[in-house]
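Here is what each chain is made of, one letter per residue.
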Amino acid sequence: MIHSLGELKKIAHARAKAREIVRDEEGRAVIPMTVRDDTDFLSPFSFSGKETVSDGVADFLERGALPFRHKESLTVRIYSDCIDDEEKKVYAEAIREHFFGQHLQNARRLKRNAVSAVLLFLCGAVLLGLMAILMTYSVSDILIEIVDIFAWVFIWEAVDIFCLERELLRMKQERYLRFINCKVEYLPLAH
């Protein structure tokens, strides 16, 4: 039966509230992960020469962390009967290595965004100055309006990049740091 949009929202909200966040003994939010076959746990590729998790595992962990605040400490709890003691150490480091790489990449994006925002703002300010000069020389109103529009577009883009996009990147950065410092636990499947 088709429900109204309001009813569907209420049902989804109730389901989300009913989903309890599991925490470990240290108060960390737990991301449960069941591994029945670990052949694709590690990526066959690596930039640093260190093992890293596959894209599928990384995507799973990032989606698993979505319900939690970005500043929340994390525990990855892996339920598996096919991971031996040596692999446990390798997999825990591979998780950290993947998110360390993400952290470095995101840090470069943050710097690039700051530089882009400053350059765009300066372009907008120069164009506003040009507009003022054009107004003193009684240039066509259409040209003045075009310069005005371009100036404000540059300034708005600078504000968008610096205030909005940068905040999202900082939240990601915090999440990556939480994964780098996450605790990794292994439990048998029957648990």
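Before reading on, note that the structure itself is shown above.
Everything quoted here is computed from the prediction, not taken from an experiment.

Enquirer: Account for the pattern of salt bridges, naming residues and giving values.
Expert: When their charged atoms lie close together, side chains carrying opposite charge are able to pair. Tallied over the entire structure, the rule returns 11 salt bridges. With its nearest N and O atoms 2.7 Å apart, the salt bridge here joins Glu-185 to Arg-77. Here Glu-185, found in strand β3 (residues 183–187), pairs with Arg-77, found in strand β2 (residues 74–80); they are 108 residues apart in sequence, far enough to count as distant. The exposure classification of Glu-185 matches that of Arg-77, with both residues buried. Between Glu-174 and Arg-178 there is a salt bridge whose closest N-O contact spans 3.0 Å. Of the two residues, Glu-174 and Arg-178 both sit in helix α4 (residues 141–180), 4 residues apart, roughly one turn of that helix. Residue Arg-178 is classed as partly exposed on the basis of its relative accessible area of 25%. A single salt-bridge network, built from bridges that share partners, covers Glu-25, Glu-26, Arg-28, Arg-77, Lys-183 and Glu-185.

Enquirer: Any chance you could break down the environment of Pro-67 for me, citing the residues and the numbers?
Expert: Here Pro-67 shows up in the loop between α2 (55–65) and β2. Sequence separation between Pro-67 and Glu-25 is 42 residues, and the spatial gap between their C-alpha atoms is 19 Å.

Here is what the cut-offs are and how they apply
- The numbers attached to residues start from 1 for each chain and follow its sequence in the written order.
- Reporting in this predicted model follows two pLDDT cut-offs: at least 70 for local features of residues, and 80 or more for side-chain atom pairs to be given and counted; totals over whole chains, interfaces and linings ignore these cut-offs and use all residues.
- To get the side-chain values, take all heavy atoms of the structure and skip hydrogens and water.
- Here a salt bridge means any side-chain nitrogen of Lys or Arg lying within 4 Å of a carboxyl oxygen belonging to Asp or Glu.
- For the purposes of this entry, the term helix denotes a DSSP run of H or I that reaches at least four residues, the term strand denotes a run of E that reaches at least two, and both are numbered from the N terminus.
- In this scheme, a residue with accessible area under 20% of its type's maximum is buried, one over 50% is exposed, and one in between is partly exposed, where area comes from a 1.4 Å probe on protein chains only.

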